[in-house]
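Spelled out from the first residue to the last, the chains are:
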Amino acid sequence: MSLLQLENLSVSFGNFRAVDNISYKVEEGEVLGIVGESGSGKSVSSLSIMGLIDFPGKVSADQLTFDSQDLQAMPEKQRRKLTGSDIAMIFQDPMTSLNPCFTVGYQIIEALKTHQDGNKKELKARAIELLTQVGIPAPESRLGNYPHQLSGGMSQRVMIAMSIACDPRLLIADEPTTALDVTIQAQIIDLLVELQRKKQMGLVLITHDLALVAEVAHRVIVMYAGQIVESGPASEVFSTPKHPYTQALLASLPESASGKARLEALPGVVPGQYDRPLGCLLSPRCPYATDHCRKVEPANQGDLDRQVKCHTPLDSEGRPAA
Amino acid sequence: MNESDSRLILKAENLKQHYHVKQGLLKPEVTVKAVDGISFNLEKGKTLAVVGESGCGKSTLGRMLTMIETPTEGRLAHLGEDLLTLTKDAQAKLRQKIQIIFQNPYGSLNPRKKIGSILEEPLVINTSLSKSERKEKALSIMEKVGLKAEHYDRYPHMFSGGQRQRIAIARGLMLDPNVIVADEPVSALDVSVQAQVLNLMMDLQDEFGLSYVFISHDLSVVEHIADDVMVMYLGKVVEQGSREQLFENPKHPYTLALLSSTPQLSPEKRRQRIKLEGELPSPLNPPSGCAFNGRCAYANDRCRSETPTLRLDSSEEQEQGHLIACHAVAEKRIGTLVEGAA
Ligand SMILES: Nc1ncnc2c1ncn2[C@@H]1O[C@H](COP(=O)(O)OP(=O)(O)OP(=O)(O)O)[C@@H](O)[C@H]1O
Ligand SMILES: Nc1ncnc2c1ncn2[C@@H]1O[C@H](COP(=O)(O)OP(=O)(O)OP(=O)(O)O)[C@@H](O)[C@H]1O
Ligand code: SF4
Ligand SMILES: [Mg+2]
Ligand SMILES: [Mg+2]
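Conventions adopted
Residues numbered from 1 in each chain as written. Chains lettered and ligands numbered in written order. Predicted model: local features only at pLDDT ≥ 70, side-chain atom pairs only at ≥ 80, totals over all residues. Heavy atoms only, no water. UniProt positions renumbered as here; feature names shortened; annotations may be inferred. Domains from an automatic or database assignment. Contact = heavy atoms within 4.5 Å. Buried area = accessible area lost by both parts, 1.4 Å probe. Salt bridge = Lys/Arg side-chain N within 4 Å of Asp/Glu carboxyl O. Polar contact = N/O pair within 3.5 Å; in protein donor to acceptor, adjacent residues only side chain to side chain. Helix = DSSP H or I, 4+ residues; strand = E, 2+ residues; numbered from the N terminus. 1 Å grid on protein atoms, 1.4 Å probe; cavity = no way out; pocket = protein on both sides within 12 Å on 5 of 7 lines; lining within 4 Å. Points joined across faces, edges and corners; volume = space filled by probe spheres on them. Nonpolar A, V, L, I, M, F, W, Y, C, P; charged D, E, K, R; others polar. Buried < 20%, exposed > 50% of the residue type's maximum accessible area, 1.4 Å probe, protein only. Disulfide = S-S within 2.5 Å. Expected span 1.5 Å × (residues − 1). Arc of directions from axis to C-beta.

By the naming in an unreviewed UniProt entry, chain B is ABC transporter ATP-binding protein, taken from Marinomonas transparens.

Per an unreviewed UniProt entry, chain A goes by ABC-type dipeptide transporter and derives from Marinomonas transparens. Its UniProt record, at the heading Sequence similarities (unreviewed entry), says of chain A: "Belongs to the ABC transporter superfamily." Check the Catalytic activity (unreviewed entry) section of the UniProt entry for chain A; it says "a dipeptide(out) + ATP + H2O = a dipeptide(in) + ADP + phosphate + H(+)".

Dropping the structure here:
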């Protein structure tokens, strides 16, 4: 049984489907990378797992289970207890998720309190232990700090400390390092992966940095305009992409071009709410699109382990199937 | 001027920008050395990339090069003319030749103005072109950057991030500059849009012989677009050289750490990660000696007391212009470092 399993999850805001029938699963001890352009539904889909989509947003799914427990059927209170302890999330913007009015120590202890018992002294000791774990030097002296007194890398580490406070079995990290410099990013990612390995946690890493996912994820999901267009083992997806969008994304990276040559840019832009095309959502931009693609939405091909949503998936040479 | 001089568009010598910052009522004023002695030559049609972590002074350098701010010290010459000693009028004229594209494509365009007037504004201020001439010019530049004529009457919020960056580039081109300072022009963009904008910049460089000062913290972008590279750390250049020198034969421990921390798509290109300890130092309270010493594996007592100067690497006399500021390199305490994959 997978740790997290979702089937045909959709999230709509009015007529707009921000997340459109996505299915995936996360195993214990697995790092799953989710990549895709801005606005492709990476954050919204994760927030819906956490039960954090507010009215008028609407979530539906054929299946949404954590460790065999049905998240949709369980009482609100029980779900809230589960998300926050067993499932935790590091949010995209750390500055808005740390409360500027309270000290770091207070916020960590509050997070601990909601899910575990203990007297003041015990909780404080646990808070210090957490800050030590995430590599904050002299943690005791930091408990009294307010968020603005911390550097970007430090507040990110405090965020991580809070998210692992209750020993989650699944951690969703939404762009945990985007605002940080590369050397600090490397420190934070090392930290996350080390925690993940030690505790055999499931880790969902959301980012638009393809190379980062290529380095740390076991499996990867590629999203485009609210849909999953391709998924599979990271090494396979990056070496032999089957979806034209994945192929185009990889080709557009500077490291894919030699010398000072032009980059292979996919023409056009991602469809928005009002210009969603018929058929395959990539069809207006896809170099391989046929009339069929422009009329009929492709089904997902293959089982969940290696899936592609394209009428003519690419072969190992990167050419569309006949 | 001889041949090589006329190709030299911009020459910076020992540029400094020191800010005096009040810390509170009772505390004394402190000096932030945002940029502390930077020199380079930029030739026609070339790209100089400036890399380094947040707060190291990249944008401050950009503001000095475009004369938005006057350096507290140093010399800056455009085609041999000293920019800092000119009269205000002469300065204003030369200023048109060096344009800047800002970091954030969302914040840098006035939301209440249509694209047409955003583009024509510099012409209104700096030229005597008539209304119809201005419009003609705007439309021709819009075409160059891949915008359509129908966009002329639209407002910035109607455009995607990539299109807004095209507008910003178009605005930079309105006064026929020969140098463009691009401050993180693609950092806020998705990779596929980033590719479109980088292609555009390279095409314009070919067409107009533009020189770029390209500020970025993304080394894969820099490796693609730069001719020369300057690596900054806390206001100072720690390593400077050609793209080949920097990427194939990096020397400074910070450059090595940067390169090894940058995620790589292909497993063959991954480098053995050099793990840094500690946080970025505060510019308000910089460490003594080498600014990198608190995070550097090679730091010794000399590093903690004496600031290393930028100098040619003695081990490679035949290689021109590869400069490094590191005691360990000068003392040959660092051998060849970066071995291939991890
Ligand atoms: N509360 C909301 N109401 C209406 N639309 C929303 C809401 N929240 C998100 N959206 C829309 O849903 C889509 C998906 O957004 P989401 O934040 O998941 O994108 P993302 O993939 O995380 O992008 P990024 O990489 O920029 O973080 C976007 O078009 C967004 O504008
Ligand atoms: N007007 C100012 N007054 C005082 N300090 C300033 C001023 N402008 C910049 N600084 C300081 O100078 C240093 C360099 O800032 P700068 O914006 O040039 O960095 P940067 O390299 O562009 O960083 P980033 O990558 O985050 O854009 C920082 O410590 C900054 O706080
Ligand atoms: S001078 Fe010393 S501290 Fe600075 S980079 Fe070189 S070895 Fe490291
Ligand atoms: Mg997001
Ligand atoms: Mg800057």
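**Description of the domain arrangement of chain A**
All names here are of chain A. Along its sequence, chain A is organised into domain 1 (4–86 + 166–309) and domain 2 (98–165). Distance from the C-alpha centre of domain 1 to the C-alpha centre of domain 2: 29 Å. With 20 residues of domain 1 at the interface, the matching set in domain 2 holds 14 residues. Between domain 1 and domain 2 the total buried area reaches about 1,300 Å² when both faces are included, carbon and sulfur atoms providing 64% of it. Where domain 1 meets domain 2, there are zero salt bridges. Applying the counting rule to domain 1 against domain 2 returns three residue pairs in polar contact (both at pLDDT 80 or more). Per-element tally for the side of domain 1 that touches domain 2: the top contributor is helix α8 (residues 182–199), with seven residues.

**Some thoughts on the layout of surface pockets**
By rolling a water-sized probe across the atoms, one finds the places where empty space is left. The space that makes up the second largest pocket amounts to roughly 900 Å³. In terms of lining residues, the second largest pocket is bounded by 39 residues, among which A186(A), I189(A), D190(A), R273(B) and K275(B) are the most central. Elements that contribute at least two residues to the lining of the second largest pocket include exactly α8 and α9 (210–216) of chain A together with α10 (253–261) of chain B. Per element, the largest residue contribution to the lining of the second largest pocket is twelve residues, and it comes from α8(A). Taken together, the residues of the lining of the second largest pocket sort by class into 16 nonpolar, 13 polar and ten charged. When we break the lining of the second largest pocket down by domain, the ones giving at least three residues each are domain 1 (4–86 + 166–309) and domain 2 (98–165) of chain A.

**Thoughts on the environment of A18(A)**
Residues and elements named next belong to chain A. Looking at the element boundaries, A18 is found in strand β2 (residues 16–26). By relative accessible area, which is 8% here, A18 ends up buried. Separated by 44 residues in sequence, A18 and D62 place their C-alpha atoms 17 Å apart. Look past the residues within four positions of A18 in its chain and what remains in contact with it is V11, S12, F13, S40, G41, V44 and G226.

**Thoughts on the state of the cysteines**
Residue and element names in this part refer to chain B. Scanning all chains against the criterion turns up zero disulfides over all chains. Here C56 is not disulfide-linked; the sulfur of C290 is the nearest cysteine sulfur, at 14 Å. A residue is classified by how much of its surface remains accessible, and C56, at 4% relative accessible area, is buried.

**What about helix α5 (residues 131–144) of chain B?**
One full turn of an α-helix is made of 3.6 residues, so residues set three or four places apart face in the same direction. Residues and elements named next belong to chain B. With 14 residues, α5 should reach 20 Å at 1.5 Å per residue; the first-to-last C-alpha distance of 20 Å fits that figure. Those residues of α5 lying buried are R134, K137, A138, I141 and M142. Buried positions in α5, seen along its axis, are confined to an arc of 135° and lie on one side of it. In α5, the exposed positions angled more than 90 degrees off the buried face are occupied by S132, E136 and E143. Those residues of α5 that are buried lie in contact with α4 (115–126) and α6 (161–173). Backbone geometry just downstream of α5 places G146 in the positive-phi region, at approximately 80°.

**Focus: the interface of chain B and chain A**
Frequently, the measure chosen for interface size is the accessible area removed from exposure when the parts meet. With 39 residues of chain B at the interface, the matching set in chain A holds 39 residues. Summed over both sides, the interface of chain B with chain A buries roughly 3,200 Å², with 52% coming from carbon and sulfur. There are three salt bridges connecting chain B and chain A. A salt bridge links E215(A) to R270(B); its shortest N-O distance comes to 3.5 Å. On inspection of chain B and its partner chain A, the count reaches 14 residue pairs in polar contact (both at pLDDT 80 or more).

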